[in-house]
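# Summary of the model geometry
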Amino acid sequence: MASGAVANAPPAGGANDVSLEEPKKMTREDWRKKKELEEQRKLGNAPAEVDEEGKDINPHIPQYISSVPWYIDPSKRPTLKHQRPQPEKQKQYNSSGDWYKRGVQEHAVATRYRKGACENCGALTHKKKDCMERPRKVGAKYTGMNIAPDEHVQPQLMFDYDGKRDRWNGYNPEEHMKIVEEYSKVDLAKRTLKAQKLQEELASGKLEQVERDHNSEDEDEDKYADDIDMPGQNFDSKRRITVRNLRIREDIAKYLRNLDPNSAYYDPKTRAMRENPYANTGKNPDEVGYAGDNFVRYTGDTISMAQTQLFAWEAYDKGSEVHLQADPTKLELLYKSFKVKKEDFKAQQKESILEKYGGQEHLDAPPAELLLAQTEDYVEYSRHGTVIKGQEKAIACSKYEEDVKINNHTCIWGSYWKEGKWGYKCCHSFVKYSYCTGEAGKEIANTEASLMEEQPEEAEHMAKPKTLMEIHQEKQKEKKKKKHKKSSNSDSEGEEKKKQEKLKKALNAEEARLLHIKEIMQLDERKRPYNSQYETREPTEEEMEAYRMKRQRPDDPMASFLGQ
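Procedures and definitions
Residues numbered from 1 in each chain as written. Predicted model: local features only at pLDDT ≥ 70, side-chain atom pairs only at ≥ 80, totals over all residues. Heavy atoms only, no water. Helix = DSSP H or I, 4+ residues; strand = E, 2+ residues; numbered from the N terminus. Buried < 20%, exposed > 50% of the residue type's maximum accessible area, 1.4 Å probe, protein only. Contact = heavy atoms within 4.5 Å. Areas by Shrake-Rupley, 256 points an atom, 1.4 Å probe, with all protein chains shown as cover. Disulfide = S-S within 2.5 Å. Core = buried A, V, L, I, M, F, W, Y, C linked by side-chain atoms within 4.5 Å. Expected span 1.5 Å × (residues − 1). Axes fitted to C-alpha atoms, helices over the stretch in contact; angles between N-to-C directions. Parallel < 35°, antiparallel > 145°, perpendicular 65-115°, else oblique. Nonpolar A, V, L, I, M, F, W, Y, C, P; charged D, E, K, R; others polar. pLDDT = per-residue confidence, 0-100. Phe/Tyr/Trp six-rings, centres within 6.5 Å; stacked < 30°, edge-to-face > 60°. Lys NZ or Arg CZ within 6 Å of the ring centre and 35° of its normal. Salt bridge = Lys/Arg side-chain N within 4 Å of Asp/Glu carboxyl O. Patch = residues over 30% accessible without salt bridge, like charges linked within 9 Å, V, L, I, M, F, W, Y side chains within 5 Å. Lys, Arg positive; Asp, Glu negative; His and termini not counted. Charge placed at Lys NZ, Arg CZ, Asp CG, Glu CD.

Quick look at the overall build of the protein chain now. A tally of regular secondary structure across the protein chain gives 15 helices and four strands. Out of the 564 residues in the protein chain, the part that is buried amounts to 12%. When contacts within the protein chain are restricted to residue pairs at least 6 apart in sequence, those whose partners lie at least 24 apart make up 35%. Split by element, the accessible area of the protein chain, about 50,900 Å² in all, is 53% carbon and sulfur.

The next subject is unusual backbone geometry. Although it is not a glycine, R271 sits at a positive phi angle of roughly 55°. If you trace the backbone, R271 turns up in the loop between α7 (207-223) and α8 (293-297). A positive phi angle, near 55°, is found at E419, a position not held by glycine.

Moving on, we come to the state of the cysteines. When the sulfur atoms of two cysteines share a covalent bond, that bond is a disulfide. Scanning all chains against the criterion turns up zero disulfides. No disulfide involves C118; its sulfur sits 3.8 Å from the nearest other cysteine sulfur, which is in C121.

All right, on to the nonpolar core then. Core analysis: the biggest nonpolar cluster contains seven residues, these being F311, A312, A315, V322, L324, L331 and Y335. Mapped by element, the contributors of at least two residues to this core are α9 (302-317) and α10 (328-357). The biggest single contributor to this core is α9, with three residues. Every residue in contact with L324, bar those within four places of it in the chain, is listed here: M305, T308, Q309 and L331. Core analysis: the second largest hydrophobic core is formed by five residues, C118, C121, C131 and A148 among them.

On to α10, then. The first and last C-alpha atoms of α10 sit 43 Å apart over 30 residues, in line with the 44 Å expected at 1.5 Å per residue. Where α10 terminates, the next one or two residues include G358, which has phi positive at roughly 80°.

Okay, the packing of α9 against α10 next. Look at α9 against α10: their axes get within 10 Å of each other, and the N-to-C directions meet at 90°. Considering their axes alone, α9 and α10 lie roughly perpendicular with respect to each other. Facing α9, whose interface residues are Q307, T308, F311 and A312, α10 presents L331, E332, L334, Y335 and F338. Of the residues assigned to the contact of α9 with α10, the class counts are six nonpolar, two polar and one charged.

Moving on, we come to the confidence of the model for the protein chain. For any part of a model where pLDDT is low, the fine detail of the predicted coordinates should not be relied upon. For the protein chain, the average pLDDT comes to 79, and 81% of its residues sit at 70 or higher. Predicted confidence for residues 1-18 stays below pLDDT 50, and this span has four contacts to residues more than four positions away or in other chains. Here residues 219-240 scores under 50 on pLDDT; set against residues more than four positions off or in separate chains, the count is nine contacts.

The description of two aromatic rings rests on the distance between their centres and on the angle between their planes. With the rule as written, the count across this model stands at nine aromatic pairs. Between the aromatic rings of W99 and F159, the centroid separation amounts to 6.0 Å while the plane-to-plane angle is 35°, which identifies the pairing as tilted. Taken together, the residues W99 in the loop between α3 (63-66) and α4 (140-143) and F159 in the loop between α4 and α5 (161-164) connect sequence positions 60 residues apart. Classification of W99 by relative accessible area gives partly exposed; the value is 33%. Ring pairs connect the aromatic residues W99, Y100 and F159, which therefore count as one cluster. Directly above the ring of Y161 sits R165, whose terminal nitrogen or CZ lies 3.7 Å from the centroid. Looking at K421, its charged tip hangs above the ring of F430, at a distance of 5.8 Å from the centre.

A separate point is the pattern of salt bridges. Within this structure, the stated rule accounts for 13 salt bridges. A salt bridge links E36 to R32, with the shortest nitrogen-to-oxygen separation between them at 2.8 Å. Here E36 and its partner R32 are both found in helix α2 (residues 28-43), four residues apart, which amounts to about one turn of the helix. The partly exposed category is assigned to R32, whose relative accessible area is 39%. Here D150 and R114 are joined by a salt bridge, their closest N and O atoms 3.3 Å apart. Linking D150 in the loop between α4 and α5 with R114 in the loop between α3 and α4, this pair joins segments that are 36 residues apart in sequence. Through salt bridges with shared partners, one network takes in E29, R32 and E36.

Across its 29 residues, helix α6 (residues 176-204) extends 43 Å between first and last C-alpha, which sits within 8% of the 42 Å expected from 1.5 Å per residue. Just past α6, the residue G205 takes up positive phi, approximately 90°.

This next bit is on the side chain of Q309. The topology assignment puts Q309 in helix α9. Here Q309 is in contact with L324 and Q325, once residues within four sequence places are set aside.

With that out of the way, let us pick up a positive patch on the surface. Residues K475, K477, K479, K480, K481, K482 and K483 make up a contiguous surface patch of positive charge. Judged by its relative accessible area of 62%, K480 falls in the exposed class.

Below, the discussion takes up a nonpolar patch on the surface. A surface patch of nonpolar side chains, amounting to about 450 Å² of accessible area, comprises I252, Y255, L256 and L259. Here Y255 lies in the loop between α7 and α8.

Position of Y435 relative to the elements: it lies in the loop between β4 (421-423) and α13 (439-461). On the basis of relative accessible area, Y435 is assigned to the exposed category, the value being 55%. With 27 residues separating them in the primary sequence, Y435 and N408 have C-alpha atoms 6.7 Å apart. Each residue touching Y435, except ones within four places of it in the same chain, is listed here: N407, N408 and H409.

Shown next, in the form of structure tokens:
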């Protein structure tokens, strides 16, 4: 009991210590009143419970969230403070105005020693043990001379999510004033230059004519002022106009020009059909009314316009004040002169290289397509064999005349071949310039071939008489052949007998196997031996033949009479 009393005793401490005893159990009446009060608070008939900070607690929040655990502090009222972020556990971030130091103060050297500075060199930014200067015989603390300047130490900044992504953090707006001052100086210089020109013109008497020209230009600007605004760019509500981008009824939709699903692709989102819808129909793109968006994009003056625009950009980068929309005539003339000069420069450069190194004969050589008999022309075919891109390879024509039939022949020379000779298939003639004889010529050719086959047999009969030695050798060969045939016949008969005996044994073994299987199949499955119908040995040819002979086929009409 003493030990239990010691264990339940509160821990020793100051006056702020709280006893960790469990709260007393509520009576049935107190529990009922508490539940009624909670229901009234949820319905809004009773005021909500207030925490220690004076904030209302939502009555719909469960009790296990709002009540403080008894092992922390049972005397506390219900509160949500323990559910909120604790300030002592939160990370401290720098404000958005903090930033790294910009530069170091020059010529800011102390003249006497300051308290808390390095005893060796006199700098405030480090201590004596961290000093990187050579140890002095007598430190700056005691001499007060040669005080070292303070190091430039950057602060350790830690920003939150927004602070890390603030692109203007650390920017000094006063730096922009340098750009404003620069432009103001340029503007002032232009004004002074213009004033000088006006004074010179006034002195020479040309000012009156210039004023008249300016007045006429102002009148023209007022005349066409209404046409300056682009469609959709004028934001005056009374004068706003819209562009009609709908099709008229005579226009044909792009997807209706060719209903073949394998034709040009139509993009319904952008209403674009880049390829030619009549590509595989055999029509010329110049004859149809619409040949795709790419045809419009890469035909006419579109390419030359793009080249002129590119030249204007390159010329502007190199210092020429030209613009395609502002001064198109000047740009066109400049571009033409540029092309002429470029061609002249290329020709001059080519001539100088040829004069110095030679090699004109290589430039006059035929093209590589003729020399190498191959090109890099790209040809793309569809799965049906039609050409999609490129030009189909032309069939090479022979220098000889083809399909020329002479002397009433129905086939060309070389359509028939026999025994190393070429001829005509229509009459089997081997003479090139002969006249066609048709089927009669074929019959004559066949009879001649049969006569040629009979002639060798007659020649054998008409051969020279054999000598006695040759006759004796032929008889010896015939005797050897007869002996070989007899031995082979006897061997074959012995082999057949052995095969018959093996087949009989295999048939008997097959019958015994079938009987054994029949007996096993009549047994119960639980009493049947394990792997009783399984053998790992490969069957012989006689066993396979016996199996085929004894096998019962379900479609055999005489299968029921086999056992009788």
